[in-house]
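Now for the letters of each chain:
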Amino acid sequence: MRVCAGDMMKILVTGGTGFIGSHLCGYLLDNGHEVICMDNLLTGSKDNISHLLSNKNFEFINHDVTEFITIDGPLDYIFHLASPASPVDYLELPIQTLKVGSLGTHNALGLAKAKNARFLLASTSEVYGDPQVHPQSESYWGNVNCIGPRGVYDEAKRFAEALTLAYHRTHGIDTRIARIFNTFGEKMRMNDGRVVPNFMTQALKGEPITVYGDGSQTRSFCYISDMVTGLYNLMLSSEIEPVNLGNPEEMSIIDFANRIKKLAGSDSEIVFKDLPIDDPKTRQPDITKARRVLGWEPRVSLDEGLKKTMEWFRVMTGY
Ligand code: NAD
Ligand code: UDP
């Protein structure tokens, strides 16, 4: 592996046509790297990378990472992002979700071993489940219902973390683990079912805004550009143990609904629907470690991020 700062690295991004992956591919190209984007388009879209396809340093490979991965030539870094991420997606795709977290991560780690490449796993705040410790720091072991419907995602990611550290300890692979908290921004799929696309499209169209439960559950939302720099900084760091990446500004979902409604200038009513099974009641990242070891914290305020994202959904919805 080449390690000089400023070198052009050859980088594989699995899940590269998805929301975070497509932004990451663009960022890596802007930073002078050569990028291979690998994706089977399960929840991603080629539209997200269409602006990158003419770049000579960019290549798209349509491949399911649960099958053996072959890449020609050397590889320096692997960002392993492939996995459904929206609760609606992974509840519809439970077996694919378990397979990509287990078999897909195994194949991606095997590739890292074969190429002597540095490997970063995109893990999740869902490893903490419905947390009993608040805010969540990396030392918390979590509270996950392994046989509940959400367990397919949570356990796949927990397994992926265990496998990543096993490859590090057994084979000496240089690994990183990012525990990503709720992230939002342009290129989110309008119908992916997550709270930001739902609330924004509903508010813009004047349709009812669907708050699940009584809306007292909390989340903390990070804008995409901050997440991408956090992932890149983590890859360049020497931190092997998991690092939380997210924005610690926490709010209730009902307050979030009202905030988006106001931002859209919408007169949508707010309606209450059943809370999904095992929906975490609170979520807020403790990013002390990211600040210390990466010198990273979010720079984009929630309002600024929401305004940019709203513009995207205005174009997408035509409202
Ligand atoms: P996304 O659904 O937009 O992107 C995931 C991508 O992975 C898609 O392009 C999909 O087609 C691809 N993929 C799925 N299975 C695959 C397979 N077997 N082979 C190849 N490609 C496959 O989701 P996202 O929000 O961009 O999330 C990216 C990563 O970040 C995921 O690993 C997710 O678990 C993690 N993450 C995201 C968030 C968030 O708030 N967005 C939070 C926590 C963790
Ligand atoms: N949520 C909601 N209405 C929606 C979509 C989501 O109230 O239309 C809630 C959901 O129950 C959860 C929070 O918003 O408490 C965040 O949901 P999301 O699907 O974005 O991701 P999660 O944080 O649960 O992984």
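Thresholds applied
Residues numbered from 1 in each chain as written. Chains lettered and ligands numbered in written order. Predicted model: local features only at pLDDT ≥ 70, side-chain atom pairs only at ≥ 80, totals over all residues. Heavy atoms only, no water. Helix = DSSP H or I, 4+ residues; strand = E, 2+ residues; numbered from the N terminus. Rg over C-alpha atoms; globule rule 2.2 N^0.38 Å. Buried < 20%, exposed > 50% of the residue type's maximum accessible area, 1.4 Å probe, protein only. Contact = heavy atoms within 4.5 Å. Areas by Shrake-Rupley, 256 points an atom, 1.4 Å probe, with all protein chains shown as cover. Lys, Arg positive; Asp, Glu negative; His and termini not counted. Charge placed at Lys NZ, Arg CZ, Asp CG, Glu CD. Expected span 1.5 Å × (residues − 1). Arc of directions from axis to C-beta. Polar contact = N/O pair within 3.5 Å; in protein donor to acceptor, adjacent residues only side chain to side chain. Phe/Tyr/Trp six-rings, centres within 6.5 Å; stacked < 30°, edge-to-face > 60°. Near = heavy atom within 4 Å. Pairing = 2+ DSSP bridges. Axes fitted to C-alpha atoms, helices over the stretch in contact; angles between N-to-C directions. Left-handed = near helix turned anticlockwise from the far one by under 90°. Nonpolar A, V, L, I, M, F, W, Y, C, P; charged D, E, K, R; others polar.

Chemist: Can you break down the overall build of the protein chain residue by residue, with the values?
Modeler: Helix and strand content of the protein chain: nine helices and 13 strands. For the protein chain, whose C-alpha radius of gyration is 19 Å, the value lies close to the compact-globule estimate of 20 Å for 319 residues. Summarising its shape, the C-alpha atoms of the protein chain cover approximately 55 × 45 × 35 Å along the three principal directions. When each of the 319 residues of the protein chain is scored for burial, the buried share is 55%. A fraction of 80% describes how many contacts in the protein chain between residues 6 or more apart in sequence connect residues 24 or more apart. Accessible area for the protein chain stands at about 13500 Å²; split by element, carbon and sulfur atoms hold 51% of it. The distance from the centre of the 32 positive side-chain charges to the centre of the 39 negative ones in the protein chain is 3 Å.

Chemist: Residues and numbers for helix H7 (residues 253-264), please.
Modeler: Helix length check: H7, at twelve residues, gives a terminal C-alpha distance of 16 Å against a target of 16 Å (1.5 Å per residue), a fit within 8%. Of all the positions in H7, only Ile253, Phe256, Ala257, Ile260 and Ala264 are classed as buried. The buried residues of H7 all sit within an arc of 100° when viewed along its axis, so they share a single face. Buried-residue contacts for H7 involve helix H5 (195-205), strand E8 (209-212), strand E9 (218-220), strand E12 (250-252), strand E13 (270-273) and helix H9 (302-317).

Chemist: Help me get a handle on the environment of Asp64, residues and values and all.
Modeler: Along the chain, the position of Asp64 falls in the loop between strand E3 (58-62) and strand E4 (77-80). Taking relative accessible area as the criterion, Asp64 reaches 29% and is therefore assigned partly exposed. With 121 residues separating them in the primary sequence, Asp64 and Gly185 have C-alpha atoms 25 Å apart. Within the local environment of Asp64, its side chain forms a polar contact with the side chain of Thr66, the two groups lying 2.8 Å apart.

Chemist: Before we move on, could you go through the side chain of Thr183 and cite the residues and values that matter?
Modeler: Its location among the elements puts Thr183 in strand E7 (residues 183-184). Since its relative accessible area comes to 11%, Thr183 is described here as buried. Not counting residues up to four positions away in its chain, the partners in contact with Thr183 are Phe19, Ile20, Met188, Cys222, Tyr223, Ile224 and Met227.

Chemist: Describe the packing of aromatic side chains, and please don't skip the residues or the numbers.
Modeler: A complete count under the given rule lists seven aromatic pairs for this structure. Where Tyr27 meets Tyr232, the ring centres are 5.3 Å apart and the plane angle is 75°; that geometry is what we call edge-to-face. Here Tyr232 lies in helix H6 (residues 224-236) and Tyr27 lies in helix H1 (residues 19-30), a separation of 205 residues in the sequence. Consider the rings of Tyr128 and Phe181, whose centres lie 6.1 Å apart with planes at 40°: the pair is tilted. Placement of the pair is Tyr128 in the loop between strand E5 (118-124) and helix H4 (151-171) and Phe181 in the loop between strand E6 (175-180) and E7, with a sequence separation of 53 residues. For Phe181, a relative accessible area of 2% translates into the label buried. One aromatic cluster is present, built from ring pairs that chain together Tyr128, Tyr140 and Phe181.

Chemist: Please give an account of the site of ligand 2 that cites residues and values.
Modeler: Not every one of the 18 residues close to ligand 2 is listed here, only the nearest: Thr210, Tyr212, Arg219, Asp279 and Arg283. Between ligand 2 and Gln217, the relevant distance is 3.0 Å, taken from an oxygen atom to a side-chain nitrogen or oxygen of the residue. Here Asp279 contributes a side-chain N or O atom positioned 2.6 Å from an oxygen atom of ligand 2. Protein burial of ligand 2: of its 510 Å² of free accessible surface, 95% is covered by the chains.

Chemist: Tell me what's going on with the sheet that holds E5, and back it up with residues and numbers.
Modeler: The strand order E3-E2-E1-E4-E5-E6-E11 describes an open sheet built from seven strands, whose pairing is parallel. Each end of this open sheet is capped by a strand with a single partner; those strands are E3 and strand E11 (243-245). In this sheet, neighbouring strand axes are inclined to one another by 20° on average, regardless of whether the strands run parallel or antiparallel. Two strands pair when backbone bridges link them, and E5 and E6 are joined in this way by six bridges, in the parallel orientation. The partner of Leu120 across the bridge, within E6, is Arg176. Packing of H1 onto the sheet brings it into contact with strand E1 (10-14), strand E2 (34-39), E3, E4 and E6, and relative to E1 it is tilted by some 170°.

Chemist: Got a sec to walk through the packing of H5 against H9? Specific residues and values, please.
Modeler: Contact pair H5 / H9: the axes reach a minimum separation of 10 Å and the direction vectors enclose 60°. Relative to H9, H5 is oriented so that their crossing is right-handed. Contacts between H5 and H9 involve Val196, Pro197, Met200, Thr201, Leu204 and Lys205 from the first element and Leu306, Thr309, Met310, Phe313, Arg314 and Thr317 from the second. Classifying every residue of the contact of H5 with H9 gives seven nonpolar, three polar and two charged.

Chemist: Pulling in residues and values, what's your account of the site of ligand 1?
Modeler: Taken together, 29 residues surround ligand 1, and among them Asp39, Thr43, Leu81, Tyr153 and Lys157 come closest. The side chain of Asn40 places a nitrogen or oxygen atom 3.2 Å from a nitrogen atom of ligand 1. Gly44 places a polar main-chain atom, nitrogen or oxygen, 3.1 Å from an oxygen atom of ligand 1. In isolation ligand 1 exposes 820 Å². Once the protein is present, 96% of that is buried. Going through the elements one at a time, H1, E5 and H4 are the ones with two or more residues in the shell around ligand 1.

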